[in-house]
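# What the coordinates show
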Amino acid sequence: MTTLETGRIVGAGIDRVDAPLKVAGEARYPNDFSFPGMAHAALVGSTIAAGRIRGIDVTGALAAPGVLTVLTHLNAPRLERGPMTLLGGSPPAPLRDDRVLHYGQHIAVVVAESAEQARYAARLVRVEYEATEALLDVDDPRAEIVENPWGLDTERGDVNAGFAASDVIVEGTYTTPDNTNNPLGLMTTVASWHGDALTVHDSTQWPHNVRTSLATVFGIPESGIRVLAPFVGGGFGAGLRVWSHVILTVLAAREVNRPVKLVLTRPEMFTSVGHRPNSVQQIRVGATRDGDLVAIEHRGISSVAMEDDDYEPVSFGSAVAYACPNVLTRDRQARLNIPCPGSMRAPAEGQGNFALESAIDEVAHALGMDPLRFRLRNYAEENPVLGLPWSSKALRECFLEGAERFGWSRRTPELGSMRDGRWLVGYGMAGVSYPFYQVPCQARASVRRDGSAYVRSAATDIGTGTYTVMTQLAAELLGLDVTRVRFDLGDSDMPYSPQAGGSGLTGALGNAVHAACRRLVREFLELVRDDTESPLRAATVDEVTVTDGRVHRLADPGQGESYVDILARHGLEELSADGRSTPPSSDELGMAMAGAFGAKFVEVRVDRELGLLRVARVVSAIDGGRVLNEKTATSQIVGGTVGGISQAMFEETATDRGTGRIANATFGDYLMPVNADIPDMEVLFVGGPDRATAVGTKGVGEVGLVGLAAAIGNAVFHATGRRLRSLPFTIDQLML
């Protein structure tokens with residue numbers, strides 16, 4: 001039984017409802033779609049990082065077997081740039097002119113009868129360049145610097161006075177490299193025109209954004225475009241923008257008047273669908289001898305493409321992390337000849353937290369104070385920027401319960417004092433958060449004559465479990481077994497949904513589903529409002545609850561009837577209702593909107609002779625608000641933990657400084673952890689529902705990654721006395 005406002009709101013860790021389709025190979029990803037007469041496209045990428053195209057010869061390609069056309073800036077129609085989105089501006093439109101802004105830029109697209117023919121012909125395109133010297137380093141004095149790109153720089157108190165009053169000051173420079181989103185599924189677009197109507201199957205995390213962007217680029221109504229993405233082979237942020245290859249596939253389909261499929265190669269994934277930008281961060285922290293934070297100054301610069309924007313405020317998290325009276329954060333971007341960056345799991349926080357939480361650990365060591373005790377002493381009970389209480393915050397419980405589960409009390413404070421044979425043992429920790437993010441969302445719910453429910457929204461499920469948790473949520477709100485509810489997504493013809501990204505979808509979509517289900521029950525009550533045969537006559541939504549497909553009065557469960565009976569008596573095959581969610585306002589609620597919080601505890605082993613680093617254990621204590629499905633939520637934290645270990649110890653996109661070419665753009669060269677690199681992991685959820693929304697969830701997709709790099713680095717310091725300030729942690733940094 002459930003009411004419509006309160007109650008348990010699911011939480012059972014059921015298996016994924018989409019798992020049978022995936023296991024049976026029946027889940028259709030964009031790459032699985034083919035159509036009669038379909039052609040295939042292949043891209044030609046630039047082999048310089050900066051300059052102009054002096055000439056491009058497509059004669060050989062056009063003469064190759066099966067080739068239908070070759071599009072370049074010389075013969076392609078001029079396309080409009082995509083619109084401004086919730087995540088910022090669209091990437092530059094392709095094939096606009098002869099300029100080259102980064103290595104691997106799409107400068108031509110070949111369309112042929114088969115994928116093999118297209119790829120072969122693409123190698124026959126001959127290009128003559130006028131190369132110029134590329135800007136590739138954030139510290140290059142020639143690079144254009146964008147100050148305060150997002151208007152998020154903060155300052156409170158007087159940091160200079162704070163440092164003057166500090167007994168202990170630590171400062172350091174922390175660097176993080178480019179990382180590349182590498183979802184297992186290669187990004188794919190299949191485009192098909194039917195007169196002026198367009199259907200696109202795309203590896204996107206945001207179908208509505210693809211529809212809106214293509215409408216702008218091609219000057220056609222959104223109503224004539226349908227974007228489908230019911231299953232996506234991962235994303236990690238790579239599918240949040242409408243990239244050049246998507247537009248070129250649609251253009252190619254229009255030019256040859258046939259369906260066209262384009263599948264990026266793995267090397268093209270490194271230059272075509274974004275990446276985590278590198279950063280250089282200077283951080284300074286001051287504290288009193290008693291352990292009170294007095295001042296924090298955090299300045300960061302990150303890379304951005306020449307004619308693009310990317311949202312990476314790496315320093316901003318330091319403004320809200322601790323109760324410190326004097327804080328200054330500053331962010332800048334350097335424009336470089338690099339592929340367009342984009343969101344990668346835990347954007348900005350993944351980089352910024354590494355610097356902050358490492359520096360916090362340094363201060364604790366300088367004070368001779370336990371790192372956990374130091375963090376608890378400077379705990380921010382309210383949002384330091386807004387001066388408002390959090391809508392929810394159980395970070396203190398994360399610290400305490402995580403430490404208990406991990407066995408933090410067994411940590412000896414002396415550096416290098418814990419050993420196991422030849423291995424030096426270190427314990428490290430980090431406090432983490434991820435900002436609140438939520439935007440409007442819509443959903444539609446229907447109950448049919450057979451008593452089943454159908455709920456839908458144009459969201460995507462990139463493996464996070466959206467299909468499952470929304471099925472569970474709708475089932476509980478409608479009083480049905482989960483087997484009687486079907487939840488569909490991934491279709492731009494469905495009600496509007498924001499992107500699967502930013503840890504905001506579960507909250508936005510969950511609240512929209514909640515509103516739709518509540519509205520649907522109200523519609524059933526409206527049907528029987530004047531029905532003399534109904535025991536629910538004149539009942540209001542606040543007077544009823546739903547159980548086993550039946551609406552009944554709270555005060556008298558015997559007074560009620562089933563959805564099926566109501567529909568049959570009124571001659572209806574189904575009844576539907578729409579719901580929408582609107583993000584809450586801090587000003588209206590008098591609370592600071594809270595994202596997820598967490599504490600990460602890590603045990604590492606370092607071989608004192610060889611410098612080998614192994615992560616032995618990880619405990620993640622997470623405040624994720626109301627957890628709709630503990631099994632899928634745990635999976636998210638486990639996946640994020642793997643990503644955090646990868647960021648800390650393996651991942652680095654290596655760019656050749658002479659040419660701008662990415663030198664490790666394959667799975668054979670780009671290092672990522674394998675099973676043997678991943679330790680025992682434990683996840684515990686603490687806290688309760690967030691007060692700001694009806695469902696009370698907080699997204700956990702990003703918070704699982706944040707903090708691992710700092711916790712591992714802090715553990716290495718505890719084990720060896722060596723402070724590592726540059727990611728990834730490599731063996732040369734650890735040779736003792």
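The structure this text deals with has already been given above.
Now for a look at the structure at hand. Residue numbering note: each chain is counted from 1, following its sequence as written. Owing to the predicted nature of the model, reporting of local features is limited to residues with pLDDT of at least 70; listing and counting of side-chain atom pairs is limited to 80 or more, with chain, interface and lining totals taken over all residues. Side-chain numbers here rest on the full set of heavy atoms in the structure, without hydrogens or water.

It is worth spelling out the overall build of the protein chain at this point. Think of it this way: any DSSP run of H or I at least four residues long counts as a helix, any run of E at least two long counts as a strand, and we number them from the N terminus. Looking only at helices and strands, the protein chain features 17 helices and 30 strands. Relative to its length of 736 residues, the protein chain is compact, with a C-alpha radius of gyration of 27 Å against a globular reference of 27 Å. Expressed along its principal axes, the backbone C-alpha trace of the protein chain runs to roughly 80 × 70 × 50 Å. Under the scheme applied here, a residue whose accessible area is under 20% of the maximum for its type counts as buried, over 50% as exposed, and between as partly exposed, the area being computed with a 1.4 Å probe on protein chains only. Taken over 736 residues, the protein chain has a buried fraction of 61%. Sequence separation of 24 or more characterises 80% of the internal contacts of the protein chain that already satisfy a separation of 6 or more. A 1.4 Å probe and the Shrake-Rupley method give the accessible areas. Residues count as covered only by the protein chains that appear here. Accessible area for the protein chain stands at about 27500 Å²; split by element, carbon and sulfur atoms hold 49% of it. Here the radius of gyration uses the C-alpha set of atoms, whereas the globule reference equals 2.2 Å times the residue count to the power 0.38. Note on definitions: a residue-residue contact is assigned when non-hydrogen atoms from the two residues lie within 4.5 Å.

Turning next to the pattern of salt bridges. Any carboxyl oxygen of Asp or Glu that lies within 4 Å of a side-chain nitrogen of Lys or Arg is treated as forming a salt bridge with it. As enumerated under the stated definition, the model contains 43 salt bridges in all. Among the salt bridges present, the one from E133 reaches R142, with a minimum N-O distance of 3.4 Å. Judged by relative accessible area, R142 falls into the partly exposed class, the value being 45%. Residues R723 and D361 are paired through a salt bridge, measuring 2.8 Å at the closest nitrogen-oxygen approach.

Among all positions in helix 3 (residues 115-122), only A118, A121 and A122 are buried. All buried residues of helix 3 project into a common sector of 105 degrees when viewed along the axis, lining one side. The arc refers to the directions leading from the helix axis to the C-beta atoms.

Moving on: the sheet that holds strand 13 (residues 260-263). Pairing between strands requires that DSSP locate at least two bridges from one strand to the other. Here 7 strands make up an open sheet; going across it, the order is 3-5-1-13-10-11-12 and the pairing mixed. Of all the strands in the sheet, the pair left with one neighbour each is strand 3 (67-72) and strand 12 (225-228). When the angles between neighbouring strand axes are averaged without regard to direction, this sheet yields 20 degrees. By the bridge criterion, 5 bridges tie strand 3 to strand 5 (residues 106-112) in an arrangement that is antiparallel. Across the sheet, V70 pairs through a bridge with V110, a residue of strand 5. A fitted line through C-alpha atoms represents every axis, and for helices the fit uses only the stretch in contact; the resulting angles, taken between N-to-C directions, go from 0 to 180 degrees. Its contacts with the sheet place helix 3 against strand 1 (39-45), strand 3 and strand 5, and it is angled at close to 25 degrees to strand 1.

Turning our eyes to something else, we now look at unusual backbone geometry. A cis amide bond links L727 to the next residue, P728, at an omega of -10 degrees. Here P728 shows up in the loop between helix 16 (708-720) and helix 17 (731-734). We note that N257 has phi near 55 degrees; this positive angle belongs to a residue other than glycine. Along the chain, N257 turns up in the loop between helix 6 (244-256) and strand 13. One non-glycine residue, A346, lies in positive phi territory at about 65 degrees. Relative to the elements of secondary structure, A346 occurs in the loop between strand 16 (326-336) and helix 8 (349-367). Residue classification places A346 among the buried residues on the basis of a relative accessible area of 0%.

As a further point, take the nonpolar core. By convention a nonpolar core is built from buried Ala, Val, Leu, Ile, Met, Phe, Trp, Tyr and Cys residues, the set being connected through side-chain atoms within 4.5 Å. Formed by 47 residues in total, the largest nonpolar core has its most connected members in L478, V513 and Y563. Beyond its immediate sequence surroundings of up to four residues, V513 is in contact with A443, V455, M470, L473, A474, L477 and F487. Of all hydrophobic cores here, the second largest spans 45 residues; its members include V170, A287, V602 and V604.

Attention now goes to the side chain of S457. Among the secondary structure elements, S457 is positioned in the loop between strand 22 (453-456) and helix 11 (466-478). Every residue in contact with S457, bar those within four places of it in the chain, is listed here: C441, Q442, A443, F487, D488, L489, G490, M494, P495, Y496, S497 and L509.

Here P584 lies in the loop between strand 27 (574-581) and helix 14 (586-589). Sequence separation between P584 and A648 is 64 residues, and the spatial gap between their C-alpha atoms is 35 Å. Among all residues touching P584, those that are not within four sequence positions of it are F436, Q438, L589, M593, A692 and T693.

The next thing to look at is the packing of aromatic side chains. Side-chain rings of Phe, Tyr and Trp, where Trp is taken by its six-membered ring, are said to pair if the distance between their centres is within 6.5 Å; with planes under 30 degrees apart they count as stacked, over 60 as edge-to-face, and otherwise as tilted. Under the defined criterion, the tally for this structure stands at 14 aromatic pairs. Every member of this aromatic cluster is reached through a ring pair, and the members are F406, W408, Y427 and F601. Two conditions define a charge located above a ring, namely a distance within 6 Å from the ring centre to NZ of Lys or CZ of Arg, and an angle within 35 degrees of the ring normal. In this arrangement the basic side chain of R284 is found over the ring face of F163, its NZ or CZ atom lying 3.8 Å from the centre. A cation over an aromatic ring shows up here: R396 above the ring of Y379, its NZ or CZ 4.2 Å from the ring centre.

Turning our attention to the sheet that holds strand 30 (residues 680-685). Read across the open sheet, the 5 strands follow the order 19-20-28-29-30; overall the sheet is mixed. Two strands close off the open sheet at either side, each with one partner strand: strand 19 (418-420) and strand 30. Going from strand to strand, the sheet's axes swing by 25 degrees on average, the running direction of each strand aside. Two elements, strand 28 (residues 597-607) and strand 29 (residues 613-623), share 10 bridges in a ladder whose sense is antiparallel. Within strand 29, the residue paired with R605 across the bridge is R614.

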